Amino acid sequence: MIAFTDGKAIIVALPSKSGGGMYLVRVSAETNKLIVEHACPAQRFKSSCSHIEQAIGFWKILNPWENYPWMPSREVISVQKQIVLQPTWKQITGKGAGMDVAKYY
Ligand SMILES: [Zn+2]
């Protein structure tokens, strides 16, 4: 799994099922909310897609305390938005990297 951070959010790169290409899914946390931004054909046709789930799964790996039972669950807000790779993003490499994300609570 390839992921980046722009300092406020993580951006997870998911391979497209049809082969070739990647979907970028941006996950940012706000009070009691997780904002998940991406654009893919499944979403356009209002069918379910696994990108949101996968991206949140990765976000939870980087924010393990989110799984504690006393943590309030977050409402997931899905936003259809094309995410474009930016040169300023830092790639998250290895476990524990990219934990700066945690500061933005
Ligand atoms: Zn999708």
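Above this text sits the structure in question.
So, a few notes on the structure that sits alongside this text. Worth saying up front: this structure is predicted, and the values here are computed from it rather than measured. (Residues numbered from 1 in each chain as written. Predicted model: local features only at pLDDT ≥ 70, side-chain atom pairs only at ≥ 80, totals over all residues. Heavy atoms only, no water.)

Digging into the overall build of the protein chain
Turning to step 1, where the next piece is worked out: Looking only at helices and strands, the protein chain has 2 helices and 6 strands in total.
Turning to step 2, where the next piece is worked out: In sequence order, the protein chain lays out its α and β elements as β-β-β-β-α-α-β-β.
Turning to step 3, where the next piece is worked out: The buried share of the protein chain, reckoned over its 105 residues, is 39%.
Turning to step 4, where the next piece is worked out: By sequence separation, contacts in the protein chain at least 24 residues apart represent 57% of the contacts at least 6 residues apart. (Helix = DSSP H or I, 4+ residues; strand = E, 2+ residues; numbered from the N terminus. Buried < 20%, exposed > 50% of the residue type's maximum accessible area, 1.4 Å probe, protein only. Contact = heavy atoms within 4.5 Å.)

Here we look at the packing of aromatic side chains
Turning to step 1, where the next piece is worked out: By the definition in use, this model includes 2 aromatic pairs.
Turning to step 2, where the next piece is worked out: Consider the rings of Tyr68 and Trp70, whose centres lie 4.8 Å apart with planes at 40°: the pair is tilted.
Turning to step 3, where the next piece is worked out: Looking at Trp70, the relative accessible area reads 63%, which means it is exposed. (Phe/Tyr/Trp six-rings, centres within 6.5 Å; stacked < 30°, edge-to-face > 60°.)

Observations concerning the coordination of the zinc ion
Turning to step 1, where the next piece is worked out: For the zinc ion, every protein donor is listed as His38 (NE2), Cys40 (SG), Cys49 (SG) and His51 (ND1), and the spread of their distances is 2.0 to 2.3 Å.
Turning to step 2, where the next piece is worked out: In this structure, the zinc ion is coordinated by 4 donor atoms arranged in tetrahedral fashion, with angles at the metal of 104 to 117°.
Turning to step 3, where the next piece is worked out: His38 gets classed as buried once you look at its relative accessible area, which sits at 0%. (Donors = N, O, S within 2.8 Å, 3.2 Å for Na, K, Ca; no water. Tetrahedral: all angles 85-135°; square planar, octahedral: opposite > 155°, others 65-115°.)

Looking at the nonpolar core
Turning to step 1, where the next piece is worked out: Ile10, Val12, Val27 and Phe58 are the most contacted members of the largest nonpolar core, which has 15 residues in total.
Turning to step 2, where the next piece is worked out: Looking at this core, the element that brings in the most residues is helix 2 (residues 51-62), giving 6 residues.
Turning to step 3, where the next piece is worked out: Ile11, Ala13, Leu24 and Trp89 belong to the second largest nonpolar core, which has 6 residues in total. (Core = buried A, V, L, I, M, F, W, Y, C linked by side-chain atoms within 4.5 Å.)

Quick look at the pairing of strand 4 (residues 33-38)
Turning to step 1, where the next piece is worked out: Summarising burial for strand 4: 5 of the 6 residues are buried, a large majority.
Turning to step 2, where the next piece is worked out: Bridge count between strand 3 (residues 22-30) and strand 4: 5 bridges; the pairing is antiparallel. From the neighbouring strand, Ala29 faces strand 4, where its bridge partner is Leu34.
Turning to step 3, where the next piece is worked out: As paired strands, strand 4 and strand 5 (residues 75-80) are joined by 6 bridges and run parallel to one another. In the strand pairing of strand 5, Val36 is matched with Ser78. (Pairing = 2+ DSSP bridges.)

A short note on the side chain of Arg26
Turning to step 1, where the next piece is worked out: Counting through the fold element by element, Arg26 comes out in strand 3.
Turning to step 2, where the next piece is worked out: Reaching out from Arg26, the side chain makes a polar contact with the side chain of Asp6 at a distance of 3.0 Å.
Turning to step 3, where the next piece is worked out: With residues near it in sequence (within four places) discarded, Arg26 still touches Asp6, Lys8, Ala9, Ile10, Ile11, Ile35, Val36, Glu37 and Ile83. (Polar contact = N/O pair within 3.5 Å; in protein donor to acceptor, adjacent residues only side chain to side chain.)

Remarks on the pattern of salt bridges
Turning to step 1, where the next piece is worked out: All chains considered together, the criterion is met by 4 salt bridges.
Turning to step 2, where the next piece is worked out: As a salt-bridge pair, Glu37 and Lys81 come within 3.6 Å of each other at their nearest N and O atoms. Pair noted here: Glu37 is in strand 4 and Lys81 is in the loop between strand 5 and strand 6 (90-92), with a separation of 44 residues, a long-range link.
Turning to step 3, where the next piece is worked out: Between Arg74 and Glu66 there is a salt bridge, with the nearest N and O atoms lying 2.9 Å from each other. (Salt bridge = Lys/Arg side-chain N within 4 Å of Asp/Glu carboxyl O.)

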